[in-house]
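A closer look at the structure
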Amino acid sequence: MTNCSGVFPPRTSKSSYLEKVKSLQNHIHRGDIYEANFCQEFFSHGVIDPLATFYKLQNSSQPPFSAYLKNGEHFALSASPERYLKKNGNLVISQPIKGTSKRSVNVEEDEKLKANLEANPKERAKAIARFLS
């Protein structure tokens with residue numbers, strides 16, 4: 001395998017990407033959702049050294065959370081400012097991203113948690129800022 005030093009082209013065109021962002025913003029304005037994790041995927045049909053490319057990704061973006069996944073002959077490389085999942089032995093833990101709150105089995109308490117989250121200006125600003133930047 002040879003190391004690829006070039007940039008991988010995105011699988012989504014710029015116009016399609018912007019259309020999807022606008023659609024997500026419309027959902028937020030309507031109140032359908034308050035936050036979404038919208039990622040951009042890059043893909044290579046060429047031959048690369050996945051581990052060397054992963055290290056380059058780490059060095060260039062220095063993310064606090066990252067992942068290197070090998071499934072047979074397929075690899076997934078990820079760099080993120082937020083932790084979504086954590087594996088500890090056989091246990092996989094989902095960790096909430098900003099703008100989230102714990103849930104309660106008690107309906108009354110759950111509604112109170114929801115109201116507190118909706119009323120928190122800092123959490124609302126974070127969710128809006130993610131889609132306007």
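Residues numbered from 1 in each chain as written. Predicted model: local features only at pLDDT ≥ 70, side-chain atom pairs only at ≥ 80, totals over all residues. Heavy atoms only, no water.

Next up on the list: the overall build of the protein chain. Within the protein chain, the secondary structure is distributed over 4 helices and 4 strands. Listing the helices and strands of the protein chain from first to last along the sequence gives α-α-β-β-β-β-α-α. Taking all 133 residues of the protein chain together, 18% fall into the buried category. Look at the contacts in the protein chain between residues 6 or more apart in sequence, and 46% of them connect residues 24 or more apart. Element-wise, carbon and sulfur atoms account for 54% of the exposed surface of the protein chain, whose accessible area totals about 10,500 Å². (Helix = DSSP H or I, 4+ residues; strand = E, 2+ residues; numbered from the N terminus. Buried < 20%, exposed > 50% of the residue type's maximum accessible area, 1.4 Å probe, protein only. Contact = heavy atoms within 4.5 Å. Areas by Shrake-Rupley, 256 points an atom, 1.4 Å probe, with all protein chains shown as cover.)

On the surface, Leu51, Tyr55, Tyr68 and Phe75 cluster together into a nonpolar patch covering about 360 Å² of accessible area. In this fold, Phe75 is placed in strand E2 (residues 74-80). (Patch = residues over 30% accessible without salt bridge, like charges linked within 9 Å, V, L, I, M, F, W, Y side chains within 5 Å. Salt bridge = Lys/Arg side-chain N within 4 Å of Asp/Glu carboxyl O.)

Looking at where Asp110 falls in the secondary structure, it is placed in helix H3 (residues 107-119). Filtering out sequence-adjacent residues up to four positions away, Asp110 remains in contact with Arg103 and Ser104.

Turning our eyes to something else, we now look at the pairing of strand E1 (residues 65-71). Relative to E2, E1 runs antiparallel, the two sharing 7 bridges. Paired with Asn71 across the two strands is His74, which belongs to E2. Hairpin connection of E1 to E2: 2 residues between the antiparallel strands, including Gly72 at a positive phi of 65°. (Pairing = 2+ DSSP bridges.)

Turning our eyes to something else, we now look at the packing of aromatic side chains. How two aromatic rings sit relative to each other is set out by the distance from centre to centre and by the angle between their planes. Evaluated as defined, the whole model comprises 3 aromatic pairs. An angle of 55° between the planes, with centres 6.1 Å apart, marks the rings of Phe54 and Tyr55 as tilted. Looking at Tyr55, the relative accessible area reads 48%, which means it is partly exposed. Counting every residue linked through ring pairs, the aromatic cluster contains Phe54, Tyr55, Tyr68 and Phe75. (Phe/Tyr/Trp six-rings, centres within 6.5 Å; stacked < 30°, edge-to-face > 60°.)

The next point concerns the confidence of the model for the protein chain. Per-residue confidence for the protein chain gives a mean pLDDT of 77, with 77% of residues at or over 70. Contacts of residues 1-6 to residues separated by more than four positions or lying in other chains number 14 contacts, the stretch itself having pLDDT below 50. (pLDDT = per-residue confidence, 0-100.)

Here we take up H3. Counted at 1.5 Å a residue, the expected span for H3 with its 13 residues is 18 Å, and the 18 Å between its end C-alpha atoms agrees. Taken together, the buried positions of H3 are occupied by Asp110, Leu113 and Leu117. For H3, the angular spread of buried residues about the axis comes to 60°, placing them on one side. For H3, the exposed residues lying more than 90 degrees away from the buried face are Glu108, Lys112, Asn116 and Ala119. Measuring from the side-chain oxygen of the N-cap residue of H3 to the backbone nitrogen of Glu108 gives 2.9 Å; that N-cap residue is Asn106. (Expected span 1.5 Å × (residues − 1). Arc of directions from axis to C-beta. Polar contact = N/O pair within 3.5 Å; in protein donor to acceptor, adjacent residues only side chain to side chain.)

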